[in-house]
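Coordinate inspection notes
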Amino acid sequence: MERQVIITADGSSTIHLPDWNEQYHSKHGAIQEAYHVFIHHGLHRCYRLRGTHDPKISILEIGFGTGLNAWITLLEAKTLNITIDYVGVEAYPVPMEEVLQLNYPEILNADDGANTFKTLHRLSWEAHHDISSHFSLTKQKKFFKEIDDENTYHLIYFDAFGARVQPELWTESIFKRMFHALKDQGVLVTYSAKGSVRRAMQNVGFTVEKLPGPPGKREMLCASKPIS
Ligand SMILES: C[S@@+](CC[C@H](N)C(=O)[O-])C[C@H]1O[C@@H](n2cnc3c(N)ncnc32)[C@H](O)[C@@H]1O
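Here we summarise the structure given alongside this text. (Residues numbered from 1 in each chain as written. Predicted model: local features only at pLDDT ≥ 70, side-chain atom pairs only at ≥ 80, totals over all residues. Heavy atoms only, no water.)

1. A few points about the nonpolar core
Formed by 73 residues in total, the largest nonpolar core has its most connected members in Leu 43, Leu 60, Phe 158, Phe 175, Met 178, Leu 188 and Phe 206. Those residues in contact with Phe 175 that lie beyond four places of it in its chain are Phe 158, Trp 170, Leu 188, Val 197, Ala 200, Met 201, Val 204 and Phe 206. (Core = buried A, V, L, I, M, F, W, Y, C linked by side-chain atoms within 4.5 Å. Buried < 20%, exposed > 50% of the residue type's maximum accessible area, 1.4 Å probe, protein only. Contact = heavy atoms within 4.5 Å.)

2. Some details on the pairing of strand E2 (residues 13–17)
Regular strands have side chains that alternate between both faces of the sheet. Buried residues dominate E2, accounting for five of its five residues. Side-chain alternation along E2 places Ser 13, Ile 15 and Leu 17 on one buried face and Thr 14 and His 16 on a second face that is also buried. For strand E1 (residues 4–7) and E2, the ladder comprises four bridges, and the chain directions are antiparallel. Bridge assignment links Gln 4 to a residue of E2, and that residue is His 16. Bridge count for E2 against strand E3 (residues 22–23) is two bridges, and the pairing is antiparallel. Each residue of the ladder has a partner; that of Leu 17, found in E3, is Glu 22. (Helix = DSSP H or I, 4+ residues; strand = E, 2+ residues; numbered from the N terminus. Pairing = 2+ DSSP bridges.)

Okay, here's the thing in structure tokens:
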């Protein structure tokens, strides 16, 4: 499939798939969307829920992709002074020549000279890596339908391609896996606000809330796992 690195409305890059007319992030701003959906409504919410008594948060990302979500989470872990154990699942890793074209370090002006963003991509798959005292990463190369973790994560970043192009990833069978993977009171956030997605989440046991969406989207979803 053809792939093109493009610039989104906030100046940050993403990867465009012309055959699907789909992007790895919103055309209205890749970095803006990532911060809005995953950091503000995901990580910050989880941080507030867990309180400062146990500032250790485990995160599962559905679609490691460009590594943008992982990298801004690493940056935020340092700011919040918390420890994050991050697992990114991805079946089709982004090739290094594309990673090198992504402008996130320049736009955020946040890389510490150690090229951490690129390092995340160079790390071996299926191994646990301590990146800093605040952040560890395990990249798992597999399909989402193979995820069978139980009671493991506080937070899920659900960042699959849209239901228009990959409807099979927004089904009850996938959300059941997400439900089991979360700990009690765990939270899943996603940019999607589709009614069929919300109903699939509710049918597997989630309590679902609509939240204001990032630029270009009216709403997004936040699904919480009740105490069993
Ligand atoms: C919207 S992009 C993820 C963007 C990513 N979170 C980021 O920050 O760049 C969706 C990702 O899911 C991956 N993917 C698509 N189908 C998959 C599947 N069935 N199992 C695992 N990964 C899949 C794609 O290769 C792509 O990297």
